[in-house]
Amino acid sequence: MPVTTFTAPSTNLRPRLLLNCGLAVVLALVLGYVLLRPHGPGGSAGAAVPQSTQLESRTGVRFSRVAVVGDGGLVTLSYVVLDAEKASAFQADREHPPRLASEARHGGTQRASIMRAGHQMRAGQTYYFVYENTGGAIESGEQVTISYDGLSLEHVPVL
Amino acid sequence: MRNLTHHLAQRRYAAALVAGTLALGSLTLGARAEAAPTSEGLECLTDAHNTFSLTARDGYVSTPDGNSIYMWGYGPSSGSFQLPGPVLCVTAGTHVRVILHNTLVEPTSIVFPGQSGVTADGKPAQPQLTDTGSMTSLTQSADATGGSVTYEFTAGSPGTYLYESGTDVAKQVQMGLYGALVVRPAGHPAQANDRSDSAFDPDHEYVFLLSEVDPDLHLGVERGDPVDVAHSTARYFMINGRSMPDTLAPNHASWLPNQPYGAMVHIKPYDAQTNPHPALIRYLNAGSVNYPFHPHGSDERVVTQDGSALAGSGGQDLSYLKYDLDVEPGQSLDALMDWRDVEQWDPATNPIPTQLPAIQDQLLVGPDTWFSESGYLGKKGSLPTNITANNECGEYYHVAHSHALQQATNYGATFGGMMTVFRIDPPAGCPTS
Ligand SMILES: [Cu+2]
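Since this is a predicted model, take the numbers as computed values, not measurements.

### Topic: the coordination of the copper ion
All names here are of chain B.
In step 1: Coordination of the copper ion by the protein is provided by His294 (NE2), His296 (NE2) and His401 (NE2), with metal-donor distances spanning 2.0 to 2.2 Å.
In step 2: One chain supplies every donor to the copper ion, and in sequence these donors are spaced H-x1-H-x104-H.
In step 3: Note on His294: relative accessible area 4%, which makes it buried.

### Some remarks on the environment of Ser109 of chain B
In step 1: Mapped onto the elements of the fold, Ser109 of chain B is located in the loop between strand 6 (95–102) and strand 7 (119–120).
In step 2: Looking at Ser109 of chain B, its side chain comes within polar contact range of the side chain of Thr167 of chain B, at 2.6 Å.

### Some thoughts on helix 3 (residues 84–92) of chain A
Residue and element names in this part refer to chain A.
In step 1: Within the span of helix 3, buried status applies to Ala87, Phe90 and Gln91. Each buried residue of helix 3 lies within a common arc of 95 degrees when the element is viewed along its axis, so the set occupies one face.
In step 2: Turning to helix 3, the residues buried within the fold contact helix 2 (53–59), strand 1 (61–69), strand 2 (74–81), strand 5 (126–132) and strand 6 (143–148).
In step 3: For helix 3, the N-terminal capping position is held by Asp83, with its side-chain oxygen 3.0 Å away from the main-chain nitrogen of Glu85.

### Here we look at the environment of Asn240 of chain B
Residue and element names in this part refer to chain B.
In step 1: Topologically, Asn240 is positioned in the loop between strand 15 (236–239) and strand 16 (265–267).
In step 2: Taking C-alpha positions, Asn240 is 6.1 Å from Pro84, a pair spaced 156 residues apart along the chain.
In step 3: Once you skip the residues sitting within four places of it in the chain, Asn240 turns out to touch Leu83, Pro84, Val207, Phe208, Leu209, Tyr261, Gly262 and Ala263.

### Points about the confidence of the model for chain B
All names here are of chain B.
In step 1: Per-residue pLDDT for chain B has a mean of 85; in total, 82% of the residues score no lower than 70.
In step 2: Low pLDDT (under 50) marks residues 1–37, which in the prediction has 105 contacts with non-local residues, meaning those over four places away or in another chain.
In step 3: In the predicted complex, the global pTM is 0.82; the interface-specific ipTM is 0.81.

### Regarding the sheet that holds strand 30 (residues 419–424) of chain B
Residues and elements named next belong to chain B.
In step 1: The strand order 16-30-27-18-22 describes an open sheet built from five strands, whose pairing is mixed. Edge positions in the open sheet fall to strand 16 and strand 22 (325–327), since each of these has one partner strand only. Pairs of neighbouring strands in the sheet enclose a mean axial angle of 20 degrees, with direction left out of account.
In step 2: Two strands pair when backbone bridges link them, and strand 27 (residues 396–402) and strand 30 are joined in this way by six bridges, in the antiparallel orientation. What sits directly across from His398, in strand 30, is Phe422.

### Here's the deal with the state of the cysteines
Residue and element names in this part refer to chain B.
In step 1: Under the defined criterion, the tally for this structure stands at one disulfide over all chains.
In step 2: Here Cys44 pairs with Cys89 through a disulfide, and the sulfurs are 1.8 Å apart. Classification of the bridge connecting Cys44 and Cys89 rests on its S-S torsion, roughly -70 degrees, and on that basis the disulfide is left-handed. With Cys44 in strand 2 (residues 44–45) and Cys89 in strand 5 (residues 87–91), the pair connects residues that are 45 residues apart, well separated along the chain.
In step 3: Take Cys89: its relative accessible area is 6%, and that puts it in the buried class.

### Let's talk about the packing of aromatic side chains
In step 1: A full pass over the atoms with the stated rule returns 19 aromatic pairs over all chains.
In step 2: Between Phe208 of chain B and Phe293 of chain B the ring centres are 5.7 Å apart and the planes differ by 85 degrees, which places this aromatic pair in the edge-to-face class. Placement of the pair is Phe208 of chain B in strand 14 (residues 205–213) and Phe293 of chain B in strand 18 (residues 291–295), with a sequence separation of 85 residues.
In step 3: On the numbers, 6.1 Å between centres and 65 degrees between planes, the contact of Phe208 of chain B with Phe422 of chain B is edge-to-face. Here Phe208 of chain B is found in strand 14, whereas its partner Phe422 of chain B is found in strand 30, with 214 residues between them in sequence. The residues Phe208 of chain B and Phe422 of chain B share a single accessibility class, namely buried.
In step 4: Within the aromatic cluster, the residues linked to one another by ring pairs are Phe63, Tyr79, Phe90, Tyr127, Phe129, Tyr131 and Tyr148 of chain A.
In step 5: Stacked on the ring of Tyr270 of chain B, the Lys or Arg Arg340 of chain B has its end atom at 3.7 Å from the ring centre.

### Let's talk about the sheet that holds strand 1 of chain A
All names here are of chain A.
In step 1: An order of 1-2-5 is seen for the three strands of this open sheet, with the pairing classed as antiparallel. What marks the edges here is a single partner per strand, and that holds for strand 1 and strand 5. Neighbour-to-neighbour, the strand axes of this sheet turn through a mean angle of 20 degrees, independent of strand direction.
In step 2: Taken together, the eight bridges between strand 1 and strand 2 define a ladder with antiparallel strand orientation. Looking at the pairing, Val68 lines up with Val75 of strand 2.
In step 3: Packed onto the sheet, helix 3 meets strand 1, strand 2 and strand 5 and runs at close to 155 degrees relative to strand 2.

What counts and how
- Residues numbered from 1 in each chain as written.
- Chains lettered and ligands numbered in written order.
- Predicted model: local features only at pLDDT ≥ 70, side-chain atom pairs only at ≥ 80, totals over all residues.
- Heavy atoms only, no water.
- Donors = N, O, S within 2.8 Å, 3.2 Å for Na, K, Ca; no water.
- Buried < 20%, exposed > 50% of the residue type's maximum accessible area, 1.4 Å probe, protein only.
- Helix = DSSP H or I, 4+ residues; strand = E, 2+ residues; numbered from the N terminus.
- Polar contact = N/O pair within 3.5 Å; in protein donor to acceptor, adjacent residues only side chain to side chain.
- Arc of directions from axis to C-beta.
- Contact = heavy atoms within 4.5 Å.
- pLDDT = per-residue confidence, 0-100.
- Pairing = 2+ DSSP bridges.
- Axes fitted to C-alpha atoms, helices over the stretch in contact; angles between N-to-C directions.
- Disulfide = S-S within 2.5 Å.
- Phe/Tyr/Trp six-rings, centres within 6.5 Å; stacked < 30°, edge-to-face > 60°.
- Lys NZ or Arg CZ within 6 Å of the ring centre and 35° of its normal.

Written as structure tokens, this is what we have:
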């Protein structure tokens, strides 16, 4: 698929840039984006999502949003790719998807539902998982801990 | 949906299997309290005097891959930019007035395809020509940056219609100037058309307004560059201005402030006593190509097309069951949809009498699929690791999407785009925790 544009992954960074999608350019843009962005990426509403340098360097992604959807039956976990190679490995690790756990109640969902990308991941782009929300384990308005490979990110707001 | 034949029911069930329902053991949930509400669906803009004030504005929408796209849209004048325009709901035969205010940098207008006798500022709405005879607009327009124009008409036959820009049409409609007009039958607001066999459950009414976006073109318009609409390439495909998985989010989701409408059908099985009426899905195509939209696991009964009830001259029922709803540009289809538990499968008393196919036989596309863990409605099972599991209480989720698979992507990333799910809860509903 021919790719002629690369667009900054946030409403916070304007104007959107039209660039030839060379890897160096993408990396430079992502780096600039990471340095410049005033808030968590992925939306203009809601509390900021905390970040973990450790988790980001392990996975190559930055988690950007957890939201209850599907009339309460589903949960989306969105993440921005920082390092395409690591992120592809992270996404392909089907046996060990990140776990979402409610911080308010016992339980959570380990039932990761992988909407697998049938394509090359690109730095700066946002991708997602859809989780089942068994028994309404995760609720909008609370905080969850995302854990992966022994690392965790606490106090992630659920939209 | 009436007269569902056994054959169709079997096909439906087979399709449900293919869509990703499978029994791998079962886990019966204990009784719980409250059932969760089903989705809010269609949000109508109504007015006691059928007077609607819309403002054409610019703004940004977000796509699930993190992009932010410059758009134009019609929003309520009292509100702000949104995509798509509000769903205007009126009753057939009533007088409708739509006042358009224009904040855009070029003239714009609204045409109401399917409505007759439309006036603009009191004069017949008609194409606007230059002195040399070239057309500038399909109808009278509102001047750039502050102009306004008032359209009036008498609402025509019941059904679903687009309203959209009549000025520089290919460009302005691509930019987002479109919305849905719902005309209800007089005296029968819970029918799709004047026929009593088009009755639906008003709590389960949905608009699926399908469209596409070429982000390069939008960037060009934002910068004021000349754009070549004829050579645009769509990268984003939307239902009600959202792409998967944002289609699953509720109306007015906080993270989609300018895209207020979700697109998830949420129903319970048909039951003659407790749930006799089908859902109604109103499909509209505001794009430039055919969108072959199809839900997995369920046919739908098309009852109205472009505001015409499907009936013969003698009143005979010409509605039809369809698995793949080809919604062509500018077209609307109103489809009744229900889900019938014909076989009443039960893991203990009425098990599915066949070897369920291996996972590899059930691929949606690629090595993963969507999976509700059990072939039995209301029952949960165990989960293979490479499977997309979407199951709160044993409910079914059937994927529904454009079968043109490039339209089911977010800028080429699979899956996304023109895709959502149809959720079917057990008869008692889905208990909340
Ligand atoms: Cu399909």
